[in-house]
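Residues per chain, in single letters:
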Amino acid sequence: MPKKAMEILTESMFYVLMALHHGPMCGIDIAGWITGRTRGRVQLGPATLYTILGKFEKEGFITETEVEGRKRTYKITGKGSEAYCAELLRLRQCIADADEI
Amino acid sequence: MAETKHIYRMVPCPAYRIELFQTWLEDLAREGLILEPDTFLFGIATFTRQSPQHLRYRLEPAAKHAGSMNEYDTPDYRAAEIYQAFGWEYVARYGQFYIYRCADSSAPELHTDPFLQELSLGSLKKRTRTALLTSIFNILFFCWLNMGFILTIACAFVGTPLVAAGILILLESFMERFFEWFHLHRLCLKMKQGDSPVRKTDWRKSRFLFRTRSILAVILPLLWFLAMFTNKSDAEYPLGDYPYPLPFSTLAEVFPDAEVTIDDTIVGSDVQLYSDPLIPETIEYRFYGDVKFDSYNISYASLHVNYHRTAAPFLARQLVREYQRHAARSNRIFSKSDRIPYDVSNVQADAIVCYNEGISVILILCKGSEVLRCTYLNRGHDTDPEIEHFAQVMAASIG
């Protein structure tokens, strides 16, 4: 039986996909990008980041492109982009549904 | 250069009490005791005295079972690199947790997403659940091995200290696995609700109990080993050389008109003695020989007697119940013979049961603090005693 793809994307996971959708980055740059993008609202801890990167790599959402000493660069895959866009669509639909009320 | 003085502290709680453990390390750091890298040994941590510091300590579960001899003894190097980049330094491993600390108050928390933190803790919880189920299986296997809780019989032959230590070890193992699973489960539920672990200063309250349990966890296996190597049959004699009077009747008393002789051609007759605090005297008697009435009336017979003198009459009755239970299970599992009970209600005893099982006669009785469990086999039909006579003679010889 094939493993299920990640069905639930938390806010942290969504922002990591967003950061990598923006362009390839290393771990600490991802955290910094997210903090800047959200004006400090979303902080990414190293263990959270490591867990997310590990899960995304396992699911095929991202791939490691470069290793330079301690610096590892990741980029989003086609599958990851699809997951990101699907989640973006879902969130937009949620907002649209709320705006209708 | 001044030598660094090491200070040792016994951990106050198990590592799975993450909140207490983290708070303990942080409180000690505020007192100037800083944890030394990789210095946990048998529940004792090594610290150095420095100036008081506001450090954050966090425990991170290992992804797979972490042991001194495997690759999970230290965290994944990629994890350590990312954590280092954020200001978190790996310090040591304790149990199934890696300990990180951070001196920078502006650095983000190790985990900022409780849902994801619950996922990493969840894999440890699964392993703990497996260990708990294994512990339950061990207890059930122990019960099955004892053919249904024949603990008093076990005490008679292997010794109460060994049996008690074995039970306590099994129970301690089960309790430890249960509490570990329970606390991890509770923490996971908390994280699923979006809450992160907090500071909990009541590690002081739990340390006495935990330390006592930790010491017991070390002492019990030692006691068990000691009991195992010191407990054996106190003495063993070939039956013909046994120098003391037996406290129960033998075939010589059952057949007073016959000549009863030992025949060790095939199997040796012997007597083994045991002693125990609860059952001060146990004699295991095995006779194999001939019962000769006259030149034409000879049969091969055997008599096995387990005699027990217990410390109290209730133990004697318990032994009778256990012998009955054990015999019933043995028959169900092994011999599957028909069991024909005999009416021995006229025999004076506090508890008595007698039945024919296959070609043997089984007699189990107790009077006061004494118990007899006899297996009688006679291959000569003409010399079969009245079973009630056999039971009367054996019962009259004790109490």
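Here is a short report on the structure shown in this document. As the structure is a computational prediction, the values presented were derived from the model and not from experiment.

Regarding the packing of helix 3 (residues 114-145) of chain B against helix 5 (residues 160-192) of chain B
Residue and element names in this part refer to chain B.
Here comes step 1: Running from amino to carboxyl end, helix 3 crosses helix 5 at an angle of 160°, the nearest separation of the two axes being 8 Å. When the interaxial angle is binned, helix 3 and helix 5 end up roughly antiparallel. Crossing of helix 3 against helix 5: the hand is left-handed.
Here comes step 2: By residue class, the composition of the contact of helix 3 with helix 5 is 18 nonpolar, seven polar and six charged.

With respect to the interface of chain B and chain A
Here comes step 1: Chain B puts 21 residues into the contact, and the matching count from chain A is 21 residues.
Here comes step 2: Between chain B and chain A, roughly 1,800 Å² of surface is buried when both sides are summed, and carbon and sulfur atoms account for 68% of that area.
Here comes step 3: Three residues, Glu81, Phe86 and Leu116 of chain B, lead the burial of chain B against chain A; their summed loss comes to 30% of the area buried on that side.
Here comes step 4: Our count for the contact surface shared by chain B and chain A stands at one salt bridge.
Here comes step 5: Taking the shortest distance from any N to any O, the salt bridge between glutamate 81 of chain B and arginine 72 of chain A comes out at 3.4 Å.
Here comes step 6: Elements supplying a minimum of two residues to the side of chain B that touches chain A: helix 2 (77-85) and helix 3 of chain B.
Here comes step 7: Broken down by element, the side of chain B that touches chain A gets its largest block of residues, eight residues, from helix 2 of chain B.
Here comes step 8: Looking at side-chain class alone, the side of chain B that touches chain A contains 12 nonpolar, three polar and six charged residues.

Remarks on helix 2 of chain B
Here comes step 1: Among all positions in helix 2 of chain B, only Ala79, Glu81, Ile82 and Tyr83 of chain B are buried.
Here comes step 2: Close packing links the buried residues of helix 2 of chain B with helix 3 (46-59) and strand 3 (71-76) of chain A together with strand 4 (56-61) and strand 6 (97-102) of chain B.
Here comes step 3: Just downstream of helix 2 of chain B, glycine 87 of chain B is the residue with a positive phi angle, here 100°.

Thresholds applied
Residues numbered from 1 in each chain as written. Chains lettered and ligands numbered in written order. Predicted model: local features only at pLDDT ≥ 70, side-chain atom pairs only at ≥ 80, totals over all residues. Heavy atoms only, no water. Axes fitted to C-alpha atoms, helices over the stretch in contact; angles between N-to-C directions. Helix = DSSP H or I, 4+ residues; strand = E, 2+ residues; numbered from the N terminus. Parallel < 35°, antiparallel > 145°, perpendicular 65-115°, else oblique. Left-handed = near helix turned anticlockwise from the far one by under 90°. Nonpolar A, V, L, I, M, F, W, Y, C, P; charged D, E, K, R; others polar. Contact = heavy atoms within 4.5 Å. Buried area = accessible area lost by both parts, 1.4 Å probe. Salt bridge = Lys/Arg side-chain N within 4 Å of Asp/Glu carboxyl O. Buried < 20%, exposed > 50% of the residue type's maximum accessible area, 1.4 Å probe, protein only.

That's the geometry; what it means functionally is another story.
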